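Here's the letter readout for the chains.
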Amino acid sequence: MPTDTIAVAMSGGVDSSTVAAMLRAEGHNVVGLTMQLWNQRRMAGREGMPESVQGRCCSLDDVYDARRVAQQIGIPYYVVNHEERFERDVVRPFVEEYLSGRTPIPCSLCNNHLKFDQLLIVAQQIGAERVATGHYARVAYDDARGKLNRKRWLLKRPADLSKDQTYFLFGLTQEQLSRTIFPLGDMTKPEVRELARRHGLALAEKPDSQEICFVPGGDYKRFIDAYLAEQGEALPDTAGELVTTSGEVIGEHAGIHNFTVGQRKGLGVATGSPLYVIQISGANKQVVVGGEENLYSRALRARRVNLIAVEDLREPMRVAVKIRHRHEPAPAMIERTGADEILVTFDEPQRAVTPGQAAVFYDREIVVGGGWIV
Amino acid sequence: MQRIYLDNNATTPVLPEVFEAMRPYFGEQFGNASSIHHHGQQTRAAVEDARESVAALLGCHASEIIFTSGGTEADNLAVAGLVETGDHVITSSIEHHAVLHAVLHAVLHACKHLEEIGGEVTVLPVDGRGLVDPDDVRRALRPNTKLISVMMANNETGVLQPLEEIGRIADEAGVCFHTDAVQAAAKIPIDVTRIGCHALSISGHKIHAPQGVGALYVGKGTQIQPLFYGGRHERSRRAGTENVPGIVGLGKAAQLAKEGLDRGDDKMMAAMRDRLQQGILAQVEEAGVNGAGAERVPNTTNIHFDHIDGEALVIALDLKGLAVSTGAACSSGAIEPSHVLVAMGLRADQARASIRFSLGKQTTAEDIDLALALVPDTVARLRELSPMYKRTALSS
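Reading the values: the criteria
Residues numbered from 1 in each chain as written. Chains lettered and ligands numbered in written order. Predicted model: local features only at pLDDT ≥ 70, side-chain atom pairs only at ≥ 80, totals over all residues. Helix = DSSP H or I, 4+ residues; strand = E, 2+ residues; numbered from the N terminus. Rg over C-alpha atoms; globule rule 2.2 N^0.38 Å. Buried ≥ 20, exposed ≤ 12 C-beta atoms within 10 Å, placed from the backbone. Contact = placed C-beta atoms within 7 Å. Pairing = 2+ DSSP bridges. Axes fitted to C-alpha atoms, helices over the stretch in contact; angles between N-to-C directions. Domains from an automatic or database assignment. Nonpolar A, V, L, I, M, F, W, Y, C, P; charged D, E, K, R; others polar. Core = buried A, V, L, I, M, F, W, Y, C linked by C-beta atoms within 7 Å. Parallel < 35°, antiparallel > 145°, perpendicular 65-115°, else oblique. Left-handed = near helix turned anticlockwise from the far one by under 90°.

Caption draft 1: Inspection of the overall build of chain B at higher detail. If you tally the helices and strands in chain B, you get 14 helices and 12 strands. Relative to the globule expectation of 21 Å for 396 residues, the C-alpha radius of gyration of chain B, 22 Å, shows essentially globular dimensions. Along the first, second and third principal axes, the C-alpha atoms of chain B reach 75 × 50 × 35 Å. A burial count over chain B gives 52% of its 396 residues as buried. Of the contacts made within chain B by residues no fewer than 6 positions apart, 71% connect residues no fewer than 24 positions apart.

Written out as structure tokens, the structure is:
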């Protein structure tokens, strides 16, 4: 019987609940932890936000579900509060990125700053050397026998590619990976639900969460309004011109945070052919629009790079690059062009490369690394 | 794993004698205390015996005791029963939420943040020791002041407030004076006439009676509006069939508490608490007692362990078998920095690094030994892994 202690990050959903039940059944000492990251009632009713929110992450309902699972499988369970840190490292940057004309990914920031940082610290403090989560991904140690890698922890895509969450995990360091386990990496979602049923978990049929946990209903514009109002800050005036790719002004817009690259609806201008947002310029508050053909780019630059499978990128490397969560990795070359910058050159131009999103590099199922698109 | 329970300010175990006293009232003694017949007479007698015991603990007459569902109801009954819209209320920043929110609701019909409160409520500050200044009470008085509500002992620090002085001020001004004595009852001798209060709340489960029963003392001559309407129970001040087993338990616990205080058990409790406190401080650097300069109830010590996260310490200790707590927990079980410690002037990080140890009648010297064996090591481990501590260590 194993005697190690594993902390399971429990969200109250099927995946992490099943992880806790699995590890418990294997005989590990399991401690359930839920991170209280955001008070869902905080924005309720403000600036048109919904009065009540149902079943969102960090809601009382989810904490209740996680606690019931912990009681059922017989493990100690605790809620740890990281609301301040979440607001500082995830919510604020989320708002600021939109106001700067970028399209952020709060889930990656949360993984980097909360789940695999603060939670690992708490876990270690309470005597758990490793943390398990319900992410669909795999971790493996390369013992230097592979041709590419030498004694490094690897992040790999999961068996169920339709649930692949490696895109959100590209920021994990070697130290973080060495202390992380993803028990669902070899399973498909239906298998996980079946296992949850076999463990008698009442939430086996609970629907998956899809949206950003602190933006109920997915209306991020309303959220930004509500958040700034709550903070007593005025919404910065980011209104400006709507221009074509050739620089012709064809209208005005109410604020750059209302747009995302590739967006077609809600541009407020009528033309013969469909128009798309091609580029958002935070500096001069311009939104550049054009035809679909203008949406394609052959290259992008990524900064704040984290490399996982290799220690450094000394020479150009052939990889496949994913530029948003729902994107099939596209063949490309990556090369270092600065101390903290990587140039990605695609074999085929890619649609809607969006600043603020991540570019994650894959060598088959292995995550080589990634960075933030600028 | 041996489990040690040092969270008696959260709740206490029901003492075996209390449980035995209650047992018949779940079974053969089932009558409704309002019934005319034999069964009713039996339970009526039990309820009135319990009332005598509670009155004896508080130094009042039995007719001045109203049984409630607990401390929160007692606080709400006192506040809502004495205050009307338009009245001015004086309270303190370290009250339990049962009082603070009851006051806000009674006066403003809304639970607002403290800083948003308008003129009808004065929330008095406390000093670094956690004490209300009676002169502040005097200065806060207005022509329409109806109620002063200041707690006897704080639930987090155990600090005892200068109630007799506040009572004199209330008396001179002709203002009602309520005190939440939930954390003081059974721990120190209480005499309502010496305090000069018009109303005083206690809770059963803080004094080794079960959860779900409490009492409010309301002095003769003080008119109080009920919260519940219905039958003429509790002299029409609290409608609803009596919780007889709970009331019997509260009566027994009050009787045992009175006997204990007469024997001087509180001195032994204080000695045990002091040994725990001094033992910890002797082994842990950069730690200190919150409310050290003030008089405290004998069972409580609240210690800040700088550079760590109190939440993690509570979890780590629980996994080793020691139950203690941080500040007040919210409904999801997560922690906001304690409003009491913040009001005393602690930095938010110090408030978050604070742990409350609270002893009960069942606590043994061996429990203290085991706690002393666990706490310093656990704090050391947390500090070793704490980014806050490393930063401080590097910069010093």
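The discussion continues.
Caption draft 2: Examining the sheet that holds strand β2 (residues 65–68) of chain B more closely. Residue and element names in this part refer to chain B. Ordered in space as β2-β8-β7-β6-β5-β3-β4, the 7 strands form an open sheet in which the pairing is mixed. On the outer flanks of this sheet lie β2 and β4 (121–124), each paired with one strand and no other. If you compare each strand with its neighbour and ignore which way they point, the axes differ by 20° on average. Sheet strands touched by helix α2 (residues 38–58): β2, β7 (199–203) and β8 (214–218). Its angle to β2, the strand with the most contacts, is close to 115°.

Caption draft 3: Geometry of the domain arrangement of chain B. Residues and elements named next belong to chain B. According to the domain assignment, chain B contains domain 1 (4–12 + 264–395) and domain 2 (16–261). Using only C-alpha atoms to locate each centre, domain 1 and domain 2 end up separated by 28 Å. At the level of elements, α9 (265–283), β10 (300–305) and α11 (339–343) are the ones that each hand at least two residues to the side of domain 1 that touches domain 2. Ranked by the residues each element gives to the side of domain 1 that touches domain 2, the list is headed by α11, at 3 residues. A per-class count over the side of domain 1 that touches domain 2 returns 7 nonpolar, 12 polar and 6 charged.

Caption draft 4: Layout of the interface of chain B and chain A. On the chain A side, the residues contacting the 15 residues of chain B number 15 residues. Taken together, the elements giving at least two residues each to the side of chain B that touches chain A come down to α10 (310–319) and α13 (365–384) of chain B. The greatest single-element share of the side of chain B that touches chain A, amounting to 6 residues, is contributed by α10 of chain B. The residue makeup of the side of chain B that touches chain A, split by class, is 9 nonpolar, 3 polar and 3 charged.

Caption draft 5: Broad picture of the sheet that holds strand β11 (residues 286–290) of chain A. Residue and element names in this part refer to chain A. In space, the 4 strands of this open sheet follow the order β9-β8-β11-β10, with mixed pairing throughout. In this open sheet, the two strands that pair with only one neighbour each are β9 (249–253) and β10 (276–281). On average, adjacent strands in this sheet sit at an angle of 30° to one another, irrespective of strand direction. As paired elements, strand β8 (residues 240–244) and β11 share 3 bridges and run parallel to each other. Note that in β11 the partner of Leu242 across the bridge is Val287.

Caption draft 6: Expanded view of the domain arrangement of chain A. Residue and element names in this part refer to chain A. According to the domain assignment, chain A contains domain 1 (5–134 + 183–218), domain 2 (237–290) and domain 3 (296–373). Look at where the C-alpha atoms of domain 1 and domain 3 centre, and you get two points 28 Å apart. Each side of the interface is counted separately: domain 1 has 6 residues, and domain 3 has 5 residues. When its residues are assigned to classes, the side of domain 1 that touches domain 3 shows 2 nonpolar, 2 polar and 2 charged.

Caption draft 7: Local environment of the nonpolar core. The biggest cluster of nonpolar side chains holds 138 residues, and the ones touching the most others in it are Val8, Ala20 and Leu33 of chain A together with Leu313 of chain B. When residues of this core are assigned to their parent elements, the largest contribution, 7 residues, is made by helix α4 (residues 106–125) of chain A. Ignoring sequence-local partners within four residues, the contact set of Leu313 of chain B consists of Phe305, Ile308, Ile355, Thr378, Val379 and Leu382 of chain B.

Caption draft 8: Representation of the pairing of strand β15 (residues 341–351) of chain A. Residue and element names in this part refer to chain A. Where strand β12 (residues 296–307) lies against β15, 7 bridges are found, and the strand directions are antiparallel. Bridge pairing links Tyr296 to Arg351 in β15. The antiparallel pairing of strand β14 (residues 330–338) with β15 creates a hairpin that spans 2 residues between the two strands.

Caption draft 9: Focus on the environment of Val69 of chain A. Residues and elements named next belong to chain A. Its location among the elements puts Val69 in helix α2 (residues 60–73). According to the C-beta neighbour criterion, Val69 is buried, with 28 such atoms within 10 Å. A sequence separation of 55 residues divides Val69 from Val14, and the C-alpha atoms of the two residues are 9.9 Å apart. Setting aside residues no more than four positions away along its own chain, Val69 makes contact with Met10, Ser17, Ala20, Leu201 and Leu203.

Caption draft 10: Examining unusual backbone geometry more closely. Within the chain, Ala352 of chain A stands out as a residue other than glycine whose phi angle is a positive 55°. Its 20 C-beta neighbours within 10 Å are what place Ala352 of chain A among the buried residues.

Caption draft 11: The arrangement of the packing of helix α3 (residues 83–99) of chain A against α4 of chain A in detail. Residue and element names in this part refer to chain A. It is the contact of α3 with α4, at a shortest axis distance of 9 Å, that shows an interaxial angle of 165°. When the axis of α3 is compared with that of α4, the two are roughly antiparallel. The crossing of α3 and α4 is right-handed. The segment α3 lies against α4, with Arg85, Phe86, Asp89, Val90, Pro93 and Phe94 engaging Pro106, Leu109, Cys110, His113, Leu114 and Gln118. Tallied by class, residues from the contact of α3 with α4 come to 8 nonpolar, 2 polar and 2 charged.

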